[in-house]
Structure formats: C-alpha cells, structure tokens
Amino acid sequence: MSLSFVKQVRKRVFFGVLAGVIILFPLVILLIMKMSWKVTPAKMVNVAYLDKTDASDERLAHNAFFWVLQNQQIRKQDGTPYDKSNDYWGVFSDKTGNHRFNDFDQLSELQLDSLSRQTDVLMFADTYGVYASETESEGSGLIYGGLSSSDISLFRKMKKEGKTIIAEFNVLQAPTSRVSRRQFQEEAGIHWTGWTGKYFESLNPESETLPAWVIHLYSENYQEAWDFHGAGIILVHEDGRMVVLSEKNDLNAAMPEIKTFAYGLNRLKLPPLQEFPYWFDVIEYNDSINHAISAYQLHLTDQGKSKLNQLGISDRFPAILMHQAPDYSFYYLCGDFSSKPVDLSTSRLKGIQHFSSILKGRKGTFGEDEFFYRFYFPLMRNIMNKHNRPKP
C-alpha cells in the first residue's frame, strides 16, 4: 500500500468526519435547547388576556404573548400550559363564522372582585373589535369592540389588589368610547394625543403596503394629488388630520427607532436601540405616576421638525410607560408590539433568542422576527417572571 494512497484515505476520512460534524452540530444544539426547555421548572402565573379582535382559527395575534408564556414554562394554577385558542377573554368564533363573546361584561361585581384577587397579570391586548365587513371600521359595521365599563372596573380592582396590568396600543382608540377612554387614562396616568403613526417602506401609490384610505385622506386634507415616493412615516389624527414625513425631505432616516433608558437596559434587558416599523401612538403621561422606559426617536430634518412642531409633536415621545411601585404595576406599550406573529414551534427551544440574528438577519437590520426576539421577548419575559404562585 503506497504512502500516497494512505494519505488520500486519511484525507477522505477527515473530510467525511468534518462533514458529519457540520451536519450533526445544529441538530445537537437543537436537542440540547429542547431538553433544557423541558427541564426548566414551571412557574404558576394566573393571566387574564383580553382580545376583542382576533377570533380566527389561527389566532396569530396571540402568538407573541403565548410564545413567551410557553417558552418560560408559565402555566395555569392547575399546572397545565396556556392554550392561545381558549385561554383568553373576548371574542370567539365557531366553524360557521358566528361570534360569541366571553368577556368581563358577563361578570358581576362580585365575580370581578374574585377575578382580580385570583389574577396576577391582566393584559389588554387588542380592543379594535369585530366588524360586519373587513372594509368597515369605526362605524355602523361594528359588531363588538372597545374598552367597556367592566374592563375599567377590573382595571381599578387589579390596581387595588396591587397586581400587574399591561395595555397595548389601540385600547384608547375607536371604538372605545370617550367616557371609557377618559376613565382609563385617569386610572393609568396617561393621555393619548389623538395621533397615531406608522413607517412605510414605500409611499409609492402603487405600493401594496400603502392603504388606499391614506391617499384618500391626504386628498381631503390638502386638496392635491398624492406625490410621494420612497420610504416615510404617516401620522394620522382621530379628527381626520394627517401629515406625511418623507425620507430626505422630512427625515434623515425613515425608520423610527426605540431608545431605551437605564431601567429598561438594566432591569428588563432591552437593547439600547431598536428599529420599529409598526403602528404607534403619541402618548403624554403624568410623570408623578409613570416614567418612560423607552422612547421613539424620529430622525427629522429641519423641515420635518417644523411640520411636527406645528402639531405639537416632538421628535421623541414614549414607547413604553411604566408604573412600578408597591401599590401596583402598570405598563403601557405605545405601539403594535405584537404585530408580527412569531412561530410558536420555536417556543420549546430554550435560548432560541440568541440565534435569532442568524436566522433572520444581523442585528440592526430589520427582519420579520427581530423585534420580537430582541425587544418584545425580553420585555415580557422580565415582566412575567416577577410572578410565581405556589403550586397547588
């Protein structure tokens, strides 16, 4: 047997082993992550999750929050996992498309008292509602939606019990009545200015992501044709006013960023900067009650600053507000944080968030799940992990 033949055999064996390691290594890592998740001790936290909008079979809007519950082994008092299809309050639908409602309005004051004592975390996730047609909204087509007096009553009772309340984005908007809005704002120590906004990758009128109502509303406001292209931000007021901020003319960088301050960095483990392309609302707050964990930063030109100054809007406004004290805990998420549904199958892999930048693109460039893994997940994980009831 020649020396050259032996060298060739060794070389082939080496590369064969190397190829096997490369193929098997990810599988081994996934197996370790799966086993680590399985042996993670369960935590018992009683959660009341309110959604008055998504009654679809998939309930994709529930994925983000229920992903966190499953990944962190947060379970119901009886030890069973939370089910996104059943373990919530709000609107449900059957296979024929008919709606049924199981919400706080159906409870008496005594039942609300009992629920507030039993519940550790109350989550107002979505109150936009259900409409007779997908093309109808905020009008006669409303079937169900908006904050109710019972929702406010439970909020008050949860505060009195010293519990945790989380509210996200659109709870103050239509179809919530002005009376319910005022009561919620008084309880929460916040005030919605009436403005909402969103980043759009393209303002081209032919863009599939630009809603037709935006162009129509602009024509009503300015009596001129839509002539915007490229990226930008659109701000809309509930009274019908609107302003368009276009890249280069009004924005040095079109994508809004969330800047996080000391508490969020150190206690909630949030990143210092995070891009945010979803809907947000412009909120004011009572700083003797709440403080801002994070704030949106718009990168405005002088022209953009002038436009917003005329509307009383700053280039920086809250992204997350918090009241954290012995009397109660409250968090208001000033944006559609649960917008992009994450794949629930990854929730059973402990530490998967550390690989999100590999799976979805490098950190700092926006990917489908990047906001969830880098921002939403650590936020909700650290809020929820403050709770753990004793096992029955």
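Residues numbered from 1 in each chain as written. Predicted model: local features only at pLDDT ≥ 70, side-chain atom pairs only at ≥ 80, totals over all residues. Heavy atoms only, no water.

## Remarks on the pairing of strand S10 (residues 190-200)
Taken across its eleven residues, S10 has nine buried, putting it largely inside the fold. Where S10 and strand S15 (residues 280-285) come together, five bridges link them in antiparallel fashion. Bridge pairing links Gly197 to Phe280 in S15. One ladder, built from six bridges, connects S10 with strand S11 (residues 232-237); its direction is antiparallel. Directly across from Trp195, in S11, lies its bridge partner His237. (Buried < 20%, exposed > 50% of the residue type's maximum accessible area, 1.4 Å probe, protein only. Helix = DSSP H or I, 4+ residues; strand = E, 2+ residues; numbered from the N terminus. Pairing = 2+ DSSP bridges.)

## As for helix H2 (residues 63-71)
When you tally the buried positions in H2, you get nine out of nine residues, the bulk of the element. Turning to H2, its buried residues number three or more, namely Asn63, Ala64, Phe65, Phe66, Trp67, Val68, Leu69, Gln70 and Asn71. Looking one or two residues past H2, Gln73 carries a phi angle of roughly 55°, positive in sign.

## Focus: the sheet that holds strand S13 (residues 251-260)
A sheet is described by the order of its strands in space; here ten strands give the open sequence S5-S4-S2-S6-S9-S18-S17-S16-S13-S14, paired in mixed fashion. The sheet is open, and its two edges are formed by strand S5 (99-102) and strand S14 (273-275), each paired on a single side. Neighbour-to-neighbour, the strand axes of the sheet open up by a mean angle of 20°, direction not taken into account. Where strand S16 (residues 291-300) lies against strand S17 (residues 316-324), six bridges are found, and the strand directions are antiparallel. Its bridge partner being in S17, Ala295 is matched across the sheet by Pro318. Here helix H4 (residues 149-160) sits on the sheet in contact with strand S2 (47-51), strand S6 (121-126), strand S9 (164-168) and strand S18 (329-333), set at roughly 150° to S6. Across the sheet, helix H10 (residues 370-384) touches S2, S6, S9, S13, S14, S16, S17 and S18, and the angle it forms with S14 is around 125°. (Axes fitted to C-alpha atoms, helices over the stretch in contact; angles between N-to-C directions. Contact = heavy atoms within 4.5 Å.)

## Some remarks on the packing of H4 against helix H5 (residues 178-188)
If you want to describe how two helices pack, look at the angle between their axes and the distance between the axes. Look at H4 against H5: their axes get within 10 Å of each other, and the N-to-C directions meet at 10°. Here H4 is positioned roughly parallel relative to H5, judged by the angle of their axes. Mapping the contact onto sequence places Ser149, Ile152, Phe155, Arg156 and Lys159 in H4 and Ser180, Gln183, Phe184, Glu187 and Ala188 in H5. (Parallel < 35°, antiparallel > 145°, perpendicular 65-115°, else oblique.)

## Thoughts on the layout of surface pockets
It is a probe the size of a water molecule, rolled over the atoms, that shows where empty space is left. Taken as a whole, the second largest pocket encloses approximately 240 Å³ of empty space. When contributions to the lining of the second largest pocket are tallied by element, the ones reaching two or more residues are S2 and helix H3 (109-118). Grouping the amino acids of the lining of the second largest pocket by side-chain chemistry returns six nonpolar, six polar and two charged. (1 Å grid on protein atoms, 1.4 Å probe; cavity = no way out; pocket = protein on both sides within 12 Å on 5 of 7 lines; lining within 4 Å. Points joined across faces, edges and corners; volume = space filled by probe spheres on them. Nonpolar A, V, L, I, M, F, W, Y, C, P; charged D, E, K, R; others polar.)

## Notes on the environment of Met158
Within the secondary structure, Met158 is located in helix H4. It is 8.5 Å that separates the C-alpha atoms of Met158 and Asp120, two residues lying 38 residues apart in sequence. With residues near it in sequence (within four places) discarded, Met158 still touches Ser116, Thr119, Asp120, Val121, Leu122, Lys163, Thr164 and Ile165.

## Some details on H4
If you check H4, its first and last C-alpha atoms are 17 Å apart, about what twelve residues at 1.5 Å a residue would give, namely 16 Å. Judged by how many residues are buried, H4 sits mostly within the fold: nine of twelve residues are covered. Where H4 is buried, its residues touch S2, H3, S6, S9, H5 and S18. Of the residues trailing H4, Gly162 is marked for its positive phi of about 75°. (Expected span 1.5 Å × (residues − 1).)

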